[in-house]
Structures are given as structure tokens and as C-alpha cells.
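# Structural characterization, general
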Amino acid sequence: MSMNELEAKVAQLRELRRMAEELAGEIAATEDALKAYMAANSTDELYGPSFKITWKEVTSSRLDGKALKSAAPELWQRFSKQTTARRFIVA
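Just so it is clear, the structure is predicted and the values come from calculations on it, not from any experiment. (Residues numbered from 1 in each chain as written. Predicted model: local features only at pLDDT ≥ 70, side-chain atom pairs only at ≥ 80, totals over all residues. Heavy atoms only, no water.)

### Some points on the overall build of the protein chain
So the rule is basically this: In this description a helix means any DSSP run of H or I spanning at least four residues, a strand means any run of E spanning at least two, and both kinds are numbered starting from the N terminus. Restricting the calculation to C-alpha atoms gives the radius of gyration, and the globule rule supplies 2.2 Å times the number of residues raised to the power 0.38. Categorising residues by exposure relies on relative accessible area from a 1.4 Å probe, with only protein chains included: less than 20% of the type maximum marks a residue as buried, more than 50% marks it as exposed, and the intermediate range marks it as partly exposed. Only heavy atoms enter the contact rule, under which two residues are in contact if any of them lie within 4.5 Å. For the accessible areas, the method is Shrake-Rupley and the probe is 1.4 Å, while residue cover comes only from the protein chains on display.
Counting secondary structure elements, the protein chain contains three helices and two strands. The order of helices and strands in the protein chain, counted from the N terminus, is α-β-β-α-α. For 91 residues, the compact-globule estimate of 2.2 N^0.38 gives 12 Å, and the C-alpha radius of gyration of the protein chain, at 23 Å, exceeds that figure by more than 25%. In the protein chain, buried positions account for 3% of the 91 residues. Look at the contacts in the protein chain between residues 6 or more apart in sequence, and 23% of them connect residues 24 or more apart. Just so you have it, the protein chain exposes about 8800 Å², and 55% of that area is on carbon and sulfur atoms.

Structural data, given as C-alpha cells:
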């Protein structure tokens, strides 16, 4: 790729990311409006001809790695696993 092509790709990537952020904001606002409607109507389920919306509390249990490392470092070390990843950053 030439430098001009790289510049164009980076510009395109930046524009697409900007658009994605804008869409994420619109999605969040629309979800918040639906949640507000559900809260105002004291319901955790909505049904329509082409949709079903649920907004329910979910409880889950997760391992607190930081607390485990503090309380039992040898056990944390025994069961911890290192991973390697590549980070892509455009600045």
C-alpha cells in the first residue's frame, strides 16, 4: 500500500469509528427510552407483533481474582494462566 492509500484507510477507519460511537449513543438512548417505559409501567416484559423485550434482574457469581490473589497467592499462582494478545491502536 502506498502512503496515500494508508492515509485514506486511516481516515476511513477514524470516520467509521466516529459513526460507530454515534450509533452506540443512539442505541443507548433508544434502549433507555424503552427501559423508562417499562419502569413506568412496572413490567419486565413487553410483547408486540414482531418483538419481545425483557428487562430482568440477573444474578451471577464470578471469581474475584484480586481477592483470591490477596488471600491465597499460592493458589492464585497455581491456577492463573498468562495469555498473549496483540493490541491494535490508531493514534
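Following the structure, the description resumes.
### Details of the pairing of strand β1 (residues 45-48)
We count it as follows: For two strands to be treated as a pair, DSSP must find no fewer than two bridges joining them.
By the bridge criterion, four bridges tie β1 to strand β2 (residues 51-54) in an arrangement that is antiparallel. In the sheet register, L46 faces β2, and the bridge partner there is I53.

### Regarding the environment of S61
Here S61 is to be found in the loop between β2 and α2 (65-71). Separated by 13 residues in the primary sequence, S61 and G48 have C-alpha atoms spaced 33 Å apart.

### Focus on the pattern of salt bridges
We apply this condition: Any Lys or Arg side-chain nitrogen located within 4 Å of an Asp or Glu carboxyl oxygen qualifies as a salt bridge.
Per the stated rule, a full pass over the model turns up three salt bridges. Its salt-bridge partner being R18, residue E22 comes within 2.9 Å of it at the nearest N-O pair. Separated by four residues within a single helix, E22 and R18 lie in helix α1 (residues 3-40), roughly one turn from each other. Given the relative accessible area of 43%, E22 is considered partly exposed. Given a relative accessible area of 39%, R18 falls into the partly exposed group. One salt bridge in this structure joins E45 and K56, with 2.6 Å as the shortest N-O distance. With E45 in strand β1 and K56 in the loop between β2 and α2, this pair connects stretches of sequence that are 11 residues apart. With relative accessibility at 24%, the residue E45 sits in the partly exposed group. Note on K56: relative accessible area 46%, which makes it partly exposed. Overlapping salt bridges, with partners in common, bring together E15, R18 and E22 in one network.

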